[in-house]
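# Examining the three-dimensional arrangement
The chain contents come next:
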Amino acid sequence: MSIAPAEFGSLDAADGPRSEDYLWTLNFGPQHPATHTTLRLVLKLEGERVVDAMPEMGYLHSGFEKIGEHLTFNQYVTVTDRMNYISPVANNVAWHHAVETLLGIELTPRCTFIRTIVAELARISDHLLCNGAVGLDTGAFTFFLYAFYQREVIYDILETLCGARFTNSYTRVGGVSQDFTPLVIEKIRAFLRTFPKTLDDMERLLTRNRIFVDRTKGVGVLTKEEAINRGATGPVARASGVTRDLRKDEPYLAYGDLDFNVACASTGDCYARYLVRMQEMRESLKIVQQALDRLPDGPVNVGIDQRTALPTKQQVYSTIEGTISHFELSMANRGFEVPCEESYAAIEAPNGELGFYLVGDGNDTAYRARCRPPSVLHFALFPHLIRGHTLSDVVAVLGSLNIIAAELDR
Amino acid sequence: MAVTSPKLELPENVFVSKLDELASWCRKNSLWPMPFATACCGIELMATGASKHDLARFGAEVFRFSPRQCDLMIVAGRVVMKMLPVLQRIWLQMHEPKWVISMGACASTGGVFDTYAVVQGIDRFIPVDMYVPGCPPRPEQLIQAIIDLQDKIQREGTITGREFDTAERQRRKRALVEATLPLTIDAARNPVLQRELAAAAETAAGG
Amino acid sequence: MPTTPPSVDAVLESLAAAVGPCHVSTFRGQTRAVVPPERALDAFRHLAATGFDLLVDVTCVDYLDYKGAKQRYGLVYLLASTVTNQRLTVRVFVDDPDPAVPSVTSVWRSADWLEREVWDLFGIRFDGHPDLRRLVMPEAFTAHPLRKDYPLQGRGERHNFPVLTRDDG
């Protein structure tokens, strides 16, 4: 499809103008509203069609992995919040899941259910923002505002729970920082009652909206083989037909006991990714409902004899084990027993497989804390998805891949 | 016989003011923010603009992403080495009068990220008018910063932009910071330092 | 759909048959196999053919300060199978000077950027990589930051920028 009319002669009129004379380069720079924070794309365009794209990252690389070698396991959770910053509790859960796998710690039943509930709330929050951003980028501002209002309700729940709206740093080794109070449970139940209606309203806005469907259907198609070969995980892969979900395949926390479905699609375009995320939000509601109904009583942190979780003040002042535990955990390199070994553990984060490869060397800081971010591989497959599409499709595809720059660059 | 000045009888729809105050009032109540959102503070910035904490009430509704159309740059999030030239270029592209809010701990001082890649405070490299602490700051804190900036504009604003002759103030601030920087700075790449060193050498030679 | 999923032991046996003996260990239910760098590409091709179709991660550990380490860099390849749901960790050890391993981009396309990142942060060269250049650090950056001999605060690169004043604005 060339845009060169015959009368624009080139040097040799017999050749005629070549279509590569009309290729131009557009810098979709690190500062742009549609690049969710700092990504850069250099697009080679022929008219309005994208011929090639070169993504560039690193504009938010902050040295997270190097910080992991200097902070203890309970200090580093504050840094993991700042990775996928639209669902920070999921990052906390992933980090401590990896740490507890390395240290060989078994959580209490109440803690597994609590972590499941907050992880699913984080999933709802993430998908709301991702779909909201897709809506915003394609022009649906009301959808974005509805999504943000519901996220404020989730922020309220998390603030009641642990004091921070987001960047919660909620989990600790062997437990969580605050237990659920009756007020938190009441707020979650109120959210479960009101959110399905809002989700229906949001679906009514966009799912069968002619403009939205035209902009996203058939755009950015990812086939199943390509998805696996290029390492896509999470909703991006599930929308292409890869039925891999770590909550079902390698059950962790309380997912093995709960009844839910995994949303998949087969077309692999932006519309499919949008639908997969909407359906995943409904499944998350089911999970939270069941987990809340079956929340077991009991202690939320592991026992003080395991020397991992900080004992309560009452235990510190009235039992000798509590006092000793408290001292040893507060002193450097005396608390946890960290084996000189390496392990990897991943969870199904809202964006895909979020895993941490930890190398322990006996100290209470990790020797190497590698974060395996799903966004890197999604951003790498962007040029493959965008060839042949127009400039406006670039925005829709980028939004549907849910690339979070902080997780991408670490 | 004393001379008395006549009392000015004005109709209701006329008011008298100074041109500077009027210009500052107009500028402060229609700040067009340019969100330079890099990280988590960007999400709180979006939440401040969303419906629950509505930034549009303060005139700052128009979040234009083009620096040519904005007068307030809100740097929300950590700025890394790779991004700093972009930040500087965008600051240069903004038209006068322009203000910068450094939102969050990372933009103000580097925050939790005292690492090889993160700039330890954007005020080392561009002039900043308002700092908002927090990690991330609550939307109410950002709104308070906008209100304080509005007060600053009203207090200090002039129609000719003379309030921006603060290069001397920035040099003094920079000299304070440089006293604490490590010695591995490459002085050859720092033009302000070069100018000051040259001036000091000149006075030492001449004096 | 496979009829009976093979256990990882069978895969490891076939791997040993293909490329020679590999040191195998397990920890917390995860199996690790060490492969020498010169047989690495064959090993990965074999593993991809036996069902490990998803390359989860490529990363590296710098063992400079680790007690009892024999070689400085340990590359980690995390593999998974979407069909049989198995996981396997493959380790390849290389040493200074000039650490290099063959690139696996011909086997899994996801290795493209993961290997670029390892080159950027650790300085390990991947032979056969189509486009080996820095990914997260600026192009002009010279060091490899995640090595243990590079300090956390850097060597002053983050301060080396021109200062803009109101006069320049």
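Residue indices begin from 1 for each chain and proceed along its sequence in written order. To read the labels, note that chains go from A and ligands from 1, taken in the order they are written. Given that the model is predicted, a residue must reach a pLDDT of at least 70 before its local features are reported, and side-chain atom pairs must reach 80 or more before they are shown or counted; all residues, however, enter totals for whole chains, interfaces and linings.

## Quick word on the overall build of chain A
Put simply, the rule reads: Secondary structure is summarised from DSSP: a helix means a run of H or I of at least four residues, a strand means a run of E of at least two, and numbering begins at the N terminus for each. C-alpha atoms define the radius of gyration in this analysis, and the globule rule sets the expected value at 2.2 Å times the number of residues to the power 0.38. Think of it as a crowd count around each C-beta: if 20 or more other C-beta atoms lie within 10 Å the residue is buried, if 12 or fewer it is exposed, and in between it is partly exposed, with C-beta placed from the backbone throughout. By the criterion used throughout, residues are in contact when their C-beta atoms, derived from the backbone, lie within 7 Å.
In terms of helices and strands, chain A carries 17 helices and eight strands. Since a compact globule built from 410 residues should have a radius of gyration of about 22 Å, the 24 Å found for chain A is in line with a globular shape. For chain A, the spread of C-alpha atoms along the principal axes amounts to about 95 × 45 × 35 Å. Taken over 410 residues, chain A has a buried fraction of 55%. In chain A, the proportion of contacts linking residues at least 24 apart, taken out of those at least 6 apart, comes to 67%.

## Quick word on helix H2 (residues 40–49) of chain C
Residues and elements named next belong to chain C. Threshold: In this context, the arc is that of the directions from the helix axis out to the C-beta atoms.
Those residues of H2 that sit buried are Ala 40, Ala 43, Phe 44 and Leu 47. Buried residues of H2, viewed axially, fall in a sector of 95 degrees; they line one side. As for H2, its buried residues are in contact with helix H1 (8–19), strand S4 (73–80), strand S5 (87–94) and strand S6 (100–102). One or two residues past the end of H2 sits Gly 51, with phi positive at roughly 115 degrees.

## Some words on the sheet that holds strand S3 (residues 49–56) of chain A
Residues and elements named next belong to chain A. Stated formally: One requirement defines pairing of two strands: DSSP has to find at least two bridges between them. All axes are obtained by fitting lines to C-alpha atoms, using only the stretch in contact for helices, and the reported angles, taken between N-to-C directions, cover 0 to 180 degrees.
One open sheet holds the three strands; their spatial order is S1-S2-S3, and the pairing between them is antiparallel. The sheet is open, and its two borders are formed by strand S1 (23–28) and S3, each paired with just one other strand. The mean inter-strand angle of the sheet, taken between neighbouring strand axes irrespective of direction, is 20 degrees. Pairing of S1 with strand S2 (residues 40–46) involves six bridges; the strand directions are antiparallel. Within S2, the position partnered with Leu 23 by the bridge is Glu 46.

## Topic: the confidence of the model for chain C
Threshold: What pLDDT reports is the predictor's confidence in each residue, on a scale of 0 through 100.
Within chain C, residue pLDDT values average 85, and 94% of them lie at 70 or more. Two numbers describe this predicted complex: its pTM, 0.86, and its ipTM, 0.89.

## Here we look at the sheet that holds strand S4 (residues 130–132) of chain B
All names here are of chain B. One open sheet accounts for four strands, arranged S1-S2-S3-S4; its pairing is parallel. Edge positions in the open sheet fall to strand S1 (33–37) and S4, since each of these has one partner strand only. Between one strand axis and the next, the sheet turns through 20 degrees on average, direction left out of account. Note that strand S2 (residues 72–76) and strand S3 (residues 99–103) share five bridges and pair parallel. Note that in S3 the partner of Met 73 across the bridge is Val 100.

## So, the interface of chain B and chain A
The criterion, for reference: Here the term charged refers only to Asp, Glu, Lys and Arg, the term nonpolar to Ala, Val, Leu, Ile, Met, Phe, Trp, Tyr, Cys and Pro, and the term polar to all other amino acids, Gly among them.
Taken together, the 27 residues of chain B in the interface contact 26 residues of chain A. Examining the composition of the side of chain B that touches chain A, we find that four residues originate from one element, helix H2 (residues 40–49) of chain B, more than from any other. Looking at the side of chain B that touches chain A residue by residue, the class counts come to 19 nonpolar, four polar and four charged.

## Examining the environment of Arg 334 of chain A
If you trace the backbone, Arg 334 of chain A turns up in the loop between helix H13 (320–330) and strand S6 (342–349). It is 9.7 Å that separates the C-alpha atoms of Arg 334 of chain A and Gly 362 of chain A, two residues lying 28 residues apart in sequence.

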